[in-house]
Protein chains: 2
Amino acid sequence: MELIIAISYTDGMELSEIEAFMTIQLVGSCTKAAEAMHLSQPAISRRIELLERKLGVPLFERLSSGIRLSEVGRAFLPHARQVLAAIEDGHAVRLLIEKLRDEQDRQEI
Amino acid sequence: MELIIAISYTDGMELSEIEAFMTIQLVGSCTKAAEAMHLSQPAISRRIELLERKLGVPLFERLSSGIRLSEVGRAFLPHARQVLAAIEDGHAVRLLIEKLRDEQDRQEI
DNA sequence: CTCCCTTACGAAGGCCGTAACGATT
DNA sequence: AATCGTTACGGCCTTCGTAAGGGAG
């Protein structure tokens with residue numbers, strides 16, 4: 001008999017939200033981030049709001065001039081970077097394996 | 001004048017998909033993973049299918065007896081682990097900062 | 001017949017974009 | 001007036017769950 005109660009690592013966070021966080025931080029505003037991600041401003045704004053709700057703390061300070069990383073946001077930043085870096089590494093592994101497989105196939109012919 | 005063409009790190013991958021991948025790998029089947037994640041089997045099956053489509057390669061081999069990690073899946077595994085670990089670290093940072101802030105507040109009273 | 005995953009399909013919910021708003025320079 | 005982010009709202013699209021399908025022991 002096996003018993004598994006629950007497994008959850010992410011509390012519902014999604015990469016699209018973390019991506020929005022990183023992009024805003026990188027380009028300095030929601031407007032530019034929206035442009036860079038080919039989305040509307042409200043879409044970006046909502047993603048950040050969702051992420052903040054899931055974390056339970058604000059990641060940005062809302063100033064009249066725009067938005068700026070909060071203290072928590074600055075602390076969260078390196079972890080967000082790590083998440084996205086791990087994703088890119090995953091992609092890289094896939095590409096590597098595809099290449100190796102191609103070479104294998106070529107030898108078998 | 002500034003020019004930002006596009007920013008994308010994830011190719012549309014989402015944490016819910018990676019979470020499903022990890023859970024299946026952990027518990028050994030879609031059925032058990034669905035139970036653990038409080039979702040239906042088809043939901044899990046679809047998430048994996050989506051993830052595989054976004055990566056462009058199959059992560060599991062489908063056997064009549066169930067599903068098992070493919071070669072690519074095994075290579076992807078440590079990166080998936082790293083992604084989820086980074087997420088959990090992010091949570092930890094948030095909690096730490098909340099705690100510090102509480103203590104600050106208490107001193108200010 | 002049972003187990004496991006996939007496919008089909010209808011329904012619910014989430015996310016997007018446009019538009020309008022409030023605040024600041 | 002212009003910039004920037006948020007709120008409101010209608011619509012689409014995605015994802016879910018139930019149910020049915022198909023292969024293997």
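From a predicted model like this one, the values you see are computed outputs, not experimental measurements.

A. Summary view of the protein's contact with DNA strand C. Close to DNA strand C lie 18 residues, the nearest being Arg-47 and Ser-64 of chain A together with Thr-31, Ser-45 and Arg-62 of chain B. Restricting attention to atoms of DNA strand C within 4 Å of the protein, one finds that 70% of them are sugar or phosphate atoms. In this structure, Ser-40 of chain A approaches DNA strand C through a side-chain N or O atom, which is 2.8 Å from a phosphate oxygen. Within the side chain of Arg-47 of chain A, a nitrogen or oxygen atom sits 2.7 Å from a phosphate oxygen of DNA strand C. Counting residues per element, the ones that place at least two in the surface near DNA strand C are helix H3 (41-55) of chain A together with helix H2 (30-36), helix H3 (41-55) and strand E2 (66-69) of chain B. Ranked by residues supplied to the surface near DNA strand C, first place goes to H3 of chain A with five residues. Partitioning the surface near DNA strand C into residue classes produces seven nonpolar, seven polar and four charged.

B. Looking closely at the relation of the copies chain B and chain A. Expressed as a screw operation, the relation of chain B to chain A combines 0.0 Å of axial shift with a rotation of 180 degrees, fitting to an RMSD of 0.0 Å. Here the symmetry operator amounts to a two-fold rotation axis. Taking C-alpha positions as reference, the residue of chain B nearest the rotation axis is Val-83 of chain B, located at 2.4 Å. With an isologous cut-off of 70% or more, the 100% of interface residues of chain B that recur at the interface of chain A puts this contact in the isologous class.

So, how was this worked out
- Residues numbered from 1 in each chain as written.
- Chains lettered and ligands numbered in written order.
- Predicted model: local features only at pLDDT ≥ 70, side-chain atom pairs only at ≥ 80, totals over all residues.
- Heavy atoms only, no water.
- Near = heavy atom within 4 Å.
- Polar contact = N/O pair within 3.5 Å; in protein donor to acceptor, adjacent residues only side chain to side chain.
- Helix = DSSP H or I, 4+ residues; strand = E, 2+ residues; numbered from the N terminus.
- Nonpolar A, V, L, I, M, F, W, Y, C, P; charged D, E, K, R; others polar.
- Least-squares fit on C-alpha atoms with pLDDT ≥ 70 in both.
- Contact = heavy atoms within 4.5 Å.

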